[in-house]
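Fold and contact review
Here is what each chain is made of, one letter per residue.
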Amino acid sequence: MAIQEKNYWLETVTIPSADPSKSLPDSVDVAVIGSGVTGLSAARALAKRGMRVAVLEAETFGWGASSRNGGMVLTGMKLPVPTLISRYGREAVQRMYAASVASIDCVEQIVREEKIDCNFARCGHLEVACKQAHFDGYAESAARIAREFDHKLRIVPKSELRSEIGSDIYYGGLVDEVSAGLNPARYVAGLVAAAQRAGAALFDHTRVDGVQRERGNGGQKFRVHTPKGALVAREVILASGAYTTTASPALRKKLIPIGSYIIATEVLSDDLARELSPKNRMIYDSKHFLYYYRLTPDRRMLFGGRAAFFPETENTVRRSAEILRRGMIGVYPQLRDTKVEFVWGGTLDFAFDVIPHTGQIDGMYYSVGYAGHGVAIGTYLGTKISDLICGEPNDLPFDGIPFRNPPIGLRSGHTWALPLAGVYYKFLDWVS
Ligand SMILES: Cc1cc2nc3c(=O)[nH]c(=O)nc-3n(C[C@H](O)[C@H](O)[C@H](O)COP(=O)(O)OP(=O)(O)OC[C@H]3O[C@@H](n4cnc5c(N)ncnc54)[C@H](O)[C@@H]3O)c2cc1C
């Protein structure tokens, strides 16, 4: 079979669609822009508390990163803990890390409560060391995470690595048993159904073109404009991730959109699948320009990476297939003759300081900047923002942190300098 340029996960589920005859309500308590994990988890939680909620999605539900990702439900943060502590202080980072661990429970609880059939499993994640120096750092890193966050990671020396992965190219590994895996498209489909059951009104193919803030005697409100008409909302949540448009220009300016690409092979035999990933872990390597990979529930090897830095286009997707296939064979020579059946891409939302950010901008709530680590934390922060809107105290660890605009050349809409960033990170991988 020739490679299909489409998202494999969408072959496993039909994403629900909205009734096209349903018109927008005149007013709601909360309008949510975007129907990924952030927007849908917020909508579900708000509707469960009796709020009138409308979710407005430009494309199909979950069309953005949420249905295209690797399905890795991961603890931890992108940056090393010492960097985080030196920037934000010990107490703040302890709260961030605790949120990352709680976010896995949050996903599990929603999956269980809503009976979402998405192959959620606490299979753990494995980081593999690409250099001896990276492995040498694992002992200190695990000790620090145990000390600072009371969270246990297990070091796997090279001599035992075959119990975790059917590859000999790495110098050892680090396992976190708390992380999980799921089928992201099925998860999104389940969240859509859950939000609808709770009473939220969901609209697909409804792009928000602009939001006008109005202040009157009754306090502030927002007029949200779409081609299907406008609605008035007391609050707005910007849950548009890397796909944020000029409808919210101030937020868009803060985001660095980076492409990430995935291939999926044909279905592997039971024996081969077990050899490649005996414990069915979510795996990623220790480089900046990293590869991430896992088995799918039907035993395909799903292998992803930043094959191109630019957000996805037909061209970058096509070129990525061969780059990723070579990367996959580098890790698993056993897959040399295995057919790659699917390739697709998506866009990651990075903040300049590579941590998530939540807060308010132009009076609207937002939660963005997950940097390829958003399935769990996006679900958690979406849910938490709904608590905030319902009047609960603000305990969001990513709120109130300065959220700087990245330099022009990296921001959404002006990404001409992204290839330079790619070269810089490749250089870092070479020297460190
Ligand atoms: C290829 C790839 C692999 C990844 N792998 C993993 C992984 O394994 N584990 C992990 O934790 N994370 C992973 N991520 C990251 C993760 O998928 C994202 O962080 C997360 O899905 C972001 O969710 P979100 O709800 O914030 O945004 P999205 O899911 O991107 O949703 C935003 C939505 O907003 C809509 N929208 C934007 N503007 C408007 C507008 N004006 N009007 C209406 N709608 C609008 C878009 O159409 C889009 O559907 C990966 C991402 C990619 C691209």
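So, here is what we can say about the structure in this document.

Rules used in this analysis
Residues numbered from 1 in each chain as written. Predicted model: local features only at pLDDT ≥ 70, side-chain atom pairs only at ≥ 80, totals over all residues. Heavy atoms only, no water. Helix = DSSP H or I, 4+ residues; strand = E, 2+ residues; numbered from the N terminus. Rg over C-alpha atoms; globule rule 2.2 N^0.38 Å. Buried < 20%, exposed > 50% of the residue type's maximum accessible area, 1.4 Å probe, protein only. Contact = heavy atoms within 4.5 Å. Areas by Shrake-Rupley, 256 points an atom, 1.4 Å probe, with all protein chains shown as cover. Lys, Arg positive; Asp, Glu negative; His and termini not counted. Charge placed at Lys NZ, Arg CZ, Asp CG, Glu CD. Phe/Tyr/Trp six-rings, centres within 6.5 Å; stacked < 30°, edge-to-face > 60°. Lys NZ or Arg CZ within 6 Å of the ring centre and 35° of its normal. Near = heavy atom within 4 Å. Polar contact = N/O pair within 3.5 Å; in protein donor to acceptor, adjacent residues only side chain to side chain. Nonpolar A, V, L, I, M, F, W, Y, C, P; charged D, E, K, R; others polar. Pairing = 2+ DSSP bridges. Axes fitted to C-alpha atoms, helices over the stretch in contact; angles between N-to-C directions. Arc of directions from axis to C-beta. Core = buried A, V, L, I, M, F, W, Y, C linked by side-chain atoms within 4.5 Å. 1 Å grid on protein atoms, 1.4 Å probe; cavity = no way out; pocket = protein on both sides within 12 Å on 5 of 7 lines; lining within 4 Å. Points joined across faces, edges and corners; volume = space filled by probe spheres on them.

Let's shift gears to the overall build of the protein. Along its length, the protein carries 10 helices and 18 strands. For the protein, the C-alpha radius of gyration of 21 Å lies close to 22 Å, the compact-globule estimate for 432 residues. Principal axes of the C-alpha set define a box for the protein whose edges measure 70 × 50 × 45 Å. In the protein, buried positions account for 59% of the 432 residues. Sequence-distant contacts, at least 24 apart, represent 75% of the contacts inside the protein between residues at least 6 apart. Of the roughly 17800 Å² of accessible surface on the protein, 52% is carried by carbon and sulfur atoms. Side-chain charges in the protein split into 51 positive and 46 negative, and the spacing between the mean points of these groups amounts to 3 Å.

As for its position among the elements, isoleucine 85 is in helix α2 (residues 81-88). Take isoleucine 85: its relative accessible area is 18%, and that puts it in the buried class. In this structure, the C-alpha to C-alpha distance between isoleucine 85 and isoleucine 263, residues 178 residues apart in sequence, is 36 Å. Those residues within four positions of isoleucine 85 in sequence are excluded, and the remaining contacts are Arg90, Val93 and Glu148.

Counted according to the given criterion, the structure contains 9 aromatic pairs. Ring centres 5.7 Å apart and planes at 85 degrees place the aromatic pair tyrosine 293 and tyrosine 332 in the edge-to-face group. Taken together, the positions of tyrosine 293 in strand β14 (residues 291-295) and tyrosine 332 in the loop between α8 (314-331) and β16 (340-350) put the pair 39 residues apart, joining distant regions of the chain. By relative accessible area, tyrosine 293 is classed as buried at 0%. Ring plane angle 40 degrees and centroid distance 5.7 Å describe the contact between tyrosine 366 and phenylalanine 403, whose orientation is recorded as tilted. Residue tyrosine 366 is located in strand β18 (residues 364-368), and its partner phenylalanine 403 is located in the loop between α9 (374-389) and α10 (418-431); the two are separated by 37 residues in the primary sequence. An identical accessibility class is assigned to tyrosine 366 and phenylalanine 403; each is buried. Feature note: the residues Tyr291, Tyr293, Phe303 and Tyr332 constitute an aromatic cluster, connected by ring pairs. Geometry around tyrosine 171 places lysine 158 over its ring, the cationic atom sitting 5.8 Å from the centre.

The immediate surroundings of the ligand are formed by 38 residues, with Thr38, Glu57, Ser66, Met72 and Val208 found nearest. Between the ligand and the protein, one listed contact pairs an oxygen atom with a backbone N or O atom of valine 37 at 3.1 Å. Tallying contributions element by element places β16 first for the shell around the ligand, with 3 residues. Of the residues assigned to the shell around the ligand, the class counts are 15 nonpolar, 19 polar and 4 charged.

The sheet built from 8 strands is open, its strands ordered β5-β6-β4-β13-β14-β15-β12-β16 with mixed pairing. Because the sheet does not close on itself, it has two edges, and the strands there are β5 (154-157) and β16. With direction set aside, neighbouring strand axes in the sheet form an average angle of 20 degrees. Strand direction decides the pairing type here: strand β4 (residues 125-128) and strand β6 (residues 172-176), joined by 4 bridges, are antiparallel. Each bridged residue has a counterpart across the sheet, and for valine 128 the counterpart in β6 is glycine 173.

In an α-helix, one full turn covers 3.6 residues, which means residues spaced three or four apart are oriented alike. Those residues of α2 not exposed but buried are Val81, Leu84, Ile85 and Tyr88. What you see down the axis of α2 is that its buried residues fit within an arc of 95 degrees, all on one side. Packed against the buried residues of α2 are α3 (90-113) and α4 (132-149). The positive-phi residue at the C-terminal boundary of α2 is glycine 89, with phi of around 90 degrees.

Locating serine 103 in the fold gives a position in helix α3. Those residues in contact with serine 103, other than ones at most four positions away along the chain, are Ala376, Ile377 and Tyr380.

Moving on: the nonpolar core. Counting residues in hydrophobic clusters, the biggest one holds 90 residues, and the most contacted among them are Tyr187, Ile237 and Ile355. For this core, the leading source of residues is α3, giving 10 residues. Sequence-distant contacts of isoleucine 355, defined by excluding residues within four places in its chain, comprise Met77, Leu79, Leu84, Tyr88, Met96, Gly369, Phe398 and Ile401. Judged by nonpolar contacts, the second largest core, of 28 residues, contains Tyr261, Val331, Tyr332 and Val340.

The next thing to look at is empty space enclosed by the protein. Using the criterion set out here, one finds 2 cavities of 30 Å³ or more in the structure. Every residue lining the largest cavity is counted, 16 residues in all, and those nearest its centre are Gly76, Met77, Pro356, His373 and Ile377. When residues of the lining of the largest cavity are traced back to their parent elements, those giving at least two are α3 and α9. In terms of residue class, the lining of the largest cavity is built from 10 nonpolar, 5 polar and 1 charged. The calculated volume of the second largest cavity comes to roughly 40 Å³.

Function cannot be read off these values alone, since they describe shape.
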